[in-house]
Amino acid sequence: MTVHLEIADGVGTIRLDRPPMNALDVAVQDRIKELAEEATARDDIRAVVVRGSERVFAAGADIKEMQAMDHAAMVVRSRALQDSFSAVARIPKPVVAAVTGYALGGGCELALCADVRIAADNAKLGQPEILLGLIPGAGGTQRLARLIGPAKAKDLIFTGRQVKADEALALGLVDRVVPAEEVFTAAHAWAAKLAQGPAIALRAAKEAIDAGLETDLETGLALERTWFAGLFATEDRETGMRSFVEDGPGKAKFA
């Protein structure tokens, strides 16, 4: 298998394993979708880490495979490509990308599907598709612009340049930079902490934020209101409020 799902401490780790550069060929794309859907469905997974190897997160698409495709083939495949990454973005649980080494093209786009990106200090990110006479096709033109703003996204996409971890942090492309040897531990710790939180409330928060960003403010507020009121029917809400009243803030233990 080129992609694995490993589970520990309530955290499901989707690990890319296609040496040497974790090129995202069709088989890898399909496997990412399969495992993202499994992580969504499994009750023993309450948060998710997406990672590559120590050397590389994912260096992009398999260019030799893509070169053999004509227009008709890519019309069909481009939807499946986007769907594979969107399956990660749609995981209704906290998702963190542990970015090591190169995260280029499809690798950068995969990292964009996470809620948070923790990068190694030696990471390099970018959308170099323009250098192939293409544009990003797995969500880059959309998710990158929403994350860092259109002007900064256009700079990266128009030039195809790679940015180091410190610039990626300044741009807002990643959220935290740590020494390379600590990135997997830091990502797992973030996920493991949230895996102990109230699962339904976390799901509600993620959906309210993500869906709200795609609509107008009034519709977003209505979505928030519906989720907020609905959470009063959950056991986690009862646990959290009872713990607050009896023991003080921040001490609730959720099932």
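Caption draft 1: View of helix α9 (residues 199–213). Taking 1.5 Å of rise per residue, 15 residues should cover 21 Å, and α9 covers 21 Å from first to last C-alpha, within 8% of that figure. Among all positions of α9, only A204, K206, A208 and G212 are buried. The secondary structure elements touched by the buried residues of α9 are α3 (71–89), β5 (95–99) and α10 (217–230).

Caption draft 2: Here's a closer look at the sheet that holds strand β2 (residues 11–16). Spatially, 6 strands are ordered β1-β2-β3-β5-β7-β10 in an open sheet, and the strand pairing comes out mixed. Of all the strands in the sheet, just β1 (3–8) and β10 (176–178) have a single pairing partner and so form its edges. With strand direction ignored, the average angle separating the axes of adjacent strands in the sheet is 20°. Sheet topology note: the β1/β2 ladder contains 6 bridges and is antiparallel.

Caption draft 3: Structural view of the side chain of D236. Mapped onto the elements, D236 comes out in helix α11 (residues 235–247). Buried charge without a salt bridge: D236, with R46 as the nearest opposite-charge side chain at an N-O distance of 5.2 Å. Ignoring anything within four residues of it in the chain, the contact list for D236 reads P198, A199, I200, F254 and A255.

Caption draft 4: Representation of α10 in the model. Look at α10: 20 Å from first C-alpha to last across 14 residues, which is about the 20 Å you get at 1.5 Å a residue. The opening residue of α10, the one whose side-chain oxygen lies 3.2 Å from the backbone nitrogen of E218, is D216.

Caption draft 5: View of the packing of α9 against α10. Running from amino to carboxyl end, α9 crosses α10 at an angle of 170°, the nearest separation of the two axes being 9 Å. The angle between α9 and α10 falls in the class roughly antiparallel. Where α9 abuts α10, its residues I200, A204, E207, A208, A211 and G212 lie against G220, L223 and W227. Here the contact of α9 with α10 is composed, by residue class, of 6 nonpolar, 2 polar and 1 charged.

Caption draft 6: Highlighting a nonpolar patch on the surface. A contiguous nonpolar patch, built from I63, L132 and L134 and spanning about 260 Å² of accessible area, is present on the exposed surface. Examined against the element boundaries, L132 turns out to sit in the loop between β8 (124–126) and α5 (140–148).

Caption draft 7: The arrangement of the side chain of N22 in detail. Position of N22 relative to the elements: it lies in the loop between β2 and α1 (26–41). Reaching out from N22, the side chain makes a polar contact with the backbone oxygen of F57 at a distance of 3.1 Å.

Caption draft 8: Up close: the packing of aromatic side chains. On inspection of all chains with the given rule, the structure shows 1 aromatic pair. Arranged with centres 5.6 Å apart and planes meeting at 70°, the rings of F228 and F232 form a pair that is edge-to-face. According to the relative accessible area criterion, F232 is partly exposed, its value standing at 37%.

Caption draft 9: Molecular detail of unusual backbone geometry. Omega for the bond connecting P19 with P20 falls within 30 degrees of zero, at 5°, which places this linkage in the cis form. Among the secondary structure elements, P20 is positioned in the loop between β2 and α1. One non-glycine residue, D9, lies in the positive phi region at around 60°. Here D9 lies in the loop between β1 and β2. At N22, a position not held by glycine, the phi torsion is positive, near 55°. Of the residues examined, N22 reaches a relative accessible area of 3% and is grouped as buried.

Calculation rules
Residues numbered from 1 in each chain as written. Predicted model: local features only at pLDDT ≥ 70, side-chain atom pairs only at ≥ 80, totals over all residues. Heavy atoms only, no water. Helix = DSSP H or I, 4+ residues; strand = E, 2+ residues; numbered from the N terminus. Expected span 1.5 Å × (residues − 1). Buried < 20%, exposed > 50% of the residue type's maximum accessible area, 1.4 Å probe, protein only. Contact = heavy atoms within 4.5 Å. Pairing = 2+ DSSP bridges. Axes fitted to C-alpha atoms, helices over the stretch in contact; angles between N-to-C directions. Lys, Arg positive; Asp, Glu negative; His and termini not counted. Salt bridge = Lys/Arg side-chain N within 4 Å of Asp/Glu carboxyl O. Polar contact = N/O pair within 3.5 Å; in protein donor to acceptor, adjacent residues only side chain to side chain. Parallel < 35°, antiparallel > 145°, perpendicular 65-115°, else oblique. Nonpolar A, V, L, I, M, F, W, Y, C, P; charged D, E, K, R; others polar. Patch = residues over 30% accessible without salt bridge, like charges linked within 9 Å, V, L, I, M, F, W, Y side chains within 5 Å. Areas by Shrake-Rupley, 256 points an atom, 1.4 Å probe, with all protein chains shown as cover. Phe/Tyr/Trp six-rings, centres within 6.5 Å; stacked < 30°, edge-to-face > 60°.

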